[in-house]
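Observations on the model geometry
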Amino acid sequence: MDAVGSEAGWMVEGIALVHLGPALLLTAFSACAGVARKSRNLSPETRRLVVGAVLSLAVAGWITVVHLEVQRPPTAALPRRAVRVVQGVCRADLRPSSSSSRSIPLEITEIRTQSGWTGSAGGRAHLVWSGPEYLTTFGNAGTVAPTRGDVVEVTAAFPAAGHSVIWAESDEIRVKPAEGSLATGRRRAREFIRRRLARLPQEAYTIALALLLGTRAEMSREMIAAVRGAGASHVIALSGMHLGVLALLLNKVTSRVGSPRMRRLVVAGALFGYVWIAGWIPSLLRALILACLILGSRDRDRSLPPEILLGRCVLLTAVVAPEMVWTVGFQLSLWALVGLFFLSPRLVELLAWVMPVPIARYIGVTLGPLLTTGPVSLSVFGTVYPVGLVSAGVLALVAVVLMWGSMVFIALAAVPIAGSLIADGLTAVTVSFTGLSAVFAAVPGVDLGEPGGLISLSAWCTLLAVAVGSAVFLSRRRRREFFRFLESHGKPQFDF
């Protein structure tokens, strides 16, 4: 595994980008051919690169096979036009989204006609509807959010040949919750958190729910638009930041309990339990694997470089959940880490020559992920908000306070005085969060779907180029002056 991790940077390029083109195949083939000709004369670095190439090719093929299996079109034993009811099993949790459009993958198992005829069916399809996350259960016993393993019955037409999307209204869908101790325990844990947080005022309740469970459907449109316009959508979307906050809290709580190895096992188990309750969201799964790798390396008293940790994280994610590597959420979170690990340190070093070190660290840490995720966000969503360079850190700090306070509130909500005090504090922090979001959202961003979007993009790129050029020029000038001072220091000085 050490040889696999040493060429992690290559694997990030080969796997994480998911574009399995001729370059990947040519690189792997050339590396394998080199091993066949001169296997005894290769350096250790070259051998590690060859191992990485072969493994990347194998994992890339595995991802492609799984993706083709997921895209297997649905088939029906009865005529498609006659089908009126489609039944299937959820293959994943309903992904949290601030949009009113919902989508969940189904494994189709059964179809029925309007007259009651039942037939077999197979294949994969995506159920798409517009409306609430919580859907009515069989027998109208209540409402639940669909999760992996639940049975879904849809009163809608079967998709036409060559298509795999079932369009429906929310009132045309019925859900039968999955049975079993794990599924039941998970649903009860989510409902317990919701009931505790429901004691908060509405605005604080919706933000706390988004930060802890990823449920953003209950947030007001104005709040979502303000946070998005402030360039801080990732702050209210479950990601590695939220898992990192939980890991820090657990480290503090367990700092005096047991041995270091026992504490790391407890932290890893708690993080796994949180991701299990919140849902297997791509960004959370990536953060969980990365956290476990870091804890494992510390358990062996080894400090691994960031590129090795990131490469192993991509490799394990591709093996455990290959379908997630295709998602935009996973790639955005991965590119954010690439910017944070590799670009931010260089930016901080550059900016530290022209501004105070704390400000240089803040701008460098926020600018690195913004530069690496900006092209992806612009190409997929057509929007990017450069004001996030200033707002992301501020709003993330407030969100961390809200998240920690919400977890404390869940534990102490039933205590008469403490629960009320924490609720008032969370309400005040929520007001500051929404106010700051509205202020930052007033700064125009880049939206290619709006008139003048290209003009805004060119203006921001010009400002960024001027700022970077000025920083480089000033830093080189300061550096030359500094080294000139060092060269002259200690030499005899004459006072005439």
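Comments concerning the overall build of the protein chain
The secondary structure content of the protein chain amounts to 16 helices and 12 strands. For the protein chain, with 496 residues in total, the buried portion stands at 43%. Partitioning the contacts of the protein chain with sequence separation of at least 6, the portion at a separation of at least 24 is 69%.

Quick look at the environment of Arg199
Positionally, Arg199 belongs in the loop between helix 5 (181-197) and helix 6 (202-213). In this structure the C-alpha to C-alpha distance between Arg199 and Ala423, which are 224 residues apart in sequence, comes to 8.2 Å. Contacts of Arg199, omitting those with residues within four sequence positions, involve Phe409, Ala413 and Ala414. There is a polar contact of 3.4 Å between the side chain of Arg199 and the backbone oxygen of Ala413.

Considerations on the pattern of salt bridges
As enumerated under the stated definition, the model contains seven salt bridges in all. A salt bridge links Glu133 to Arg102; its shortest N-O distance comes to 3.7 Å. Residue Glu133 is found in the loop between strand 5 (124-130) and strand 6 (135-136), and its partner Arg102 is found in strand 3 (residues 101-113); the two are separated by 31 residues along the sequence. Looking at Glu133, the relative accessible area reads 7%, which means it is buried. For Arg124, the salt bridge identified is with Glu107, shortest N-O distance 2.1 Å. In this pair, Arg124 is assigned in strand 5 and Glu107 in strand 3, connecting sequence segments 17 residues apart. Of the residues examined, Arg124 reaches a relative accessible area of 12% and is grouped as buried. Under the relative-accessibility criterion, Glu107 is labelled partly exposed at 22%.

A word on the layout of surface pockets
The computed volume of the second largest pocket comes to approximately 530 Å³. Every residue lining the second largest pocket is counted, 23 residues in all, and those nearest its centre are Leu367, Leu370, Leu371, Leu389 and Leu464. Sorting elements by how many residues they give to the lining of the second largest pocket places helix 16 (residues 453-488) first, with eight residues. When grouped by side-chain class, the residues that make up the lining of the second largest pocket number 22 nonpolar, one polar and no charged.

Considering the nonpolar core
With 56 residues, the main nonpolar core has Leu197, Leu200, Leu243, Leu271, Phe409 and Phe433 as its most contacted residues. Counting only elements with at least two residues in this core, the list comes to helix 5, helix 6, helix 7 (221-229), helix 8 (240-253), helix 9 (260-278), helix 10 (282-299), helix 14 (388-412) and helix 15 (416-441). When residues no more than four places from it in sequence are discounted, the contact partners of Leu197 are Tyr205, Ala208, Leu209, Leu212, Ser406, Phe409 and Ile410. The next biggest cluster of nonpolar side chains, apart from the first, holds 22 residues, and it includes Val86, Ile108, Trp129 and Ala156.

Re the pairing of strand 3
Examined bridge by bridge, strand 2 (residues 83-90) and strand 3 share seven bridges and lie antiparallel to one another. For Val89, the partnering residue across the bridge sits in strand 3 and is Glu107. Strand direction decides the pairing type here: strand 3 and strand 4 (residues 118-122), joined by three bridges, are antiparallel. For Ile111, the partnering residue across the bridge sits in strand 4 and is Gly119.

Observations concerning helix 9
For helix 9, built from 19 residues, the straight-helix expectation of 27 Å at 1.5 Å per residue is met to within 8% by its first-to-last C-alpha distance of 27 Å. Every buried residue of helix 9 is accounted for by Val267, Ala268, Leu271, Tyr274, Val275, Ile277 and Ala278. Backbone geometry just downstream of helix 9 places Gly279 in the positive-phi region, at approximately 120°.

Section: the environment of Gly139
With respect to the secondary-structure elements, Gly139 resides in the loop between strand 6 and strand 7 (143-144). For Gly139, a relative accessible area of 75% translates into the label exposed.

Topic: the pairing of strand 8 (residues 151-154)
With four bridges joining them, strand 2 and strand 8 adopt antiparallel strand pairing. By the bridge assignment for strand 8, Gly88 is matched with Val152.

Re the packing of helix 6 against helix 14
Running from amino to carboxyl end, helix 6 crosses helix 14 at an angle of 90°, the nearest separation of the two axes being 9 Å. On the basis of their axis angle, the class for helix 6 and helix 14 is roughly perpendicular. Along its contact with helix 6, which presents Ile207, Ala208, Leu211 and Leu212, the element helix 14 presents Ala399, Leu402, Met403, Ser406, Met407 and Ile410. The residue inventory of the contact of helix 6 with helix 14, partitioned by class, reads nine nonpolar, one polar and no charged.

So, how was this worked out
- For every chain, the first residue of its written sequence is number 1, and the numbers climb from 1 along that sequence.
- Per-residue local features of the predicted model are confined to residues with pLDDT of at least 70, and side-chain atom pairs are confined, for both listing and counting, to 80 or more; whole-chain, interface and lining totals are unaffected and use all residues.
- Calculated side-chain values reflect all of the structure's heavy atoms, with hydrogen atoms and water omitted.
- Secondary structure follows DSSP: runs of H or I at least 4 residues long count as helices, runs of E at least 2 residues long count as strands, and numbering of each begins at the N terminus.
- The cut-offs for exposure are 20% and 50% of the maximum accessible area for each residue type, with area from a 1.4 Å probe on protein chains only; residues under the lower value are buried, those over the upper are exposed, and the others partly exposed.
- Contact criterion: two residues are considered in contact whenever any of their non-hydrogen atoms come within 4.5 Å of each other.
- For the purposes of these results, a polar contact is taken to be a pair of N or O atoms within 3.5 Å, where, inside protein, one atom must be able to donate a hydrogen and its partner to accept one; residues adjacent in sequence count only when each atom of the pair is a side-chain atom.
- When a carboxyl oxygen of Asp or Glu lies within 4 Å of a side-chain nitrogen of Lys or Arg, that pair is called a salt bridge.
- Using a grid of 1 Å spacing that covers the protein atoms alone, one calls a set of points a cavity when a 1.4 Å probe fits there but cannot get out, and a pocket when the set is open and has protein on both sides within 12 Å along at least five of seven lines; lining residues are those with an atom within 4 Å of a point.
- Grid points are joined across faces, edges and corners, and a volume is the space filled by probe spheres set on the points.
- Residues are grouped as follows: Ala, Val, Leu, Ile, Met, Phe, Trp, Tyr, Cys and Pro are nonpolar; Asp, Glu, Lys and Arg are charged; every other residue, Gly included, is polar.
- Here, nonpolar core refers to any group of buried Ala, Val, Leu, Ile, Met, Phe, Trp, Tyr and Cys residues whose side-chain atoms link them within 4.5 Å.
- Paired strands, in this sense, are two strands between which DSSP finds at least two bridges.
- By this rule the span expected of a helix is its residue count minus one, scaled by 1.5 Å.
- Fitting a line to C-alpha atoms yields each axis, with helices limited to the stretch in contact; the angle taken between N-to-C directions then spans 0 to 180 degrees.
- Angle categories: roughly parallel below 35 degrees, roughly antiparallel above 145, roughly perpendicular from 65 to 115, and oblique for all the rest.

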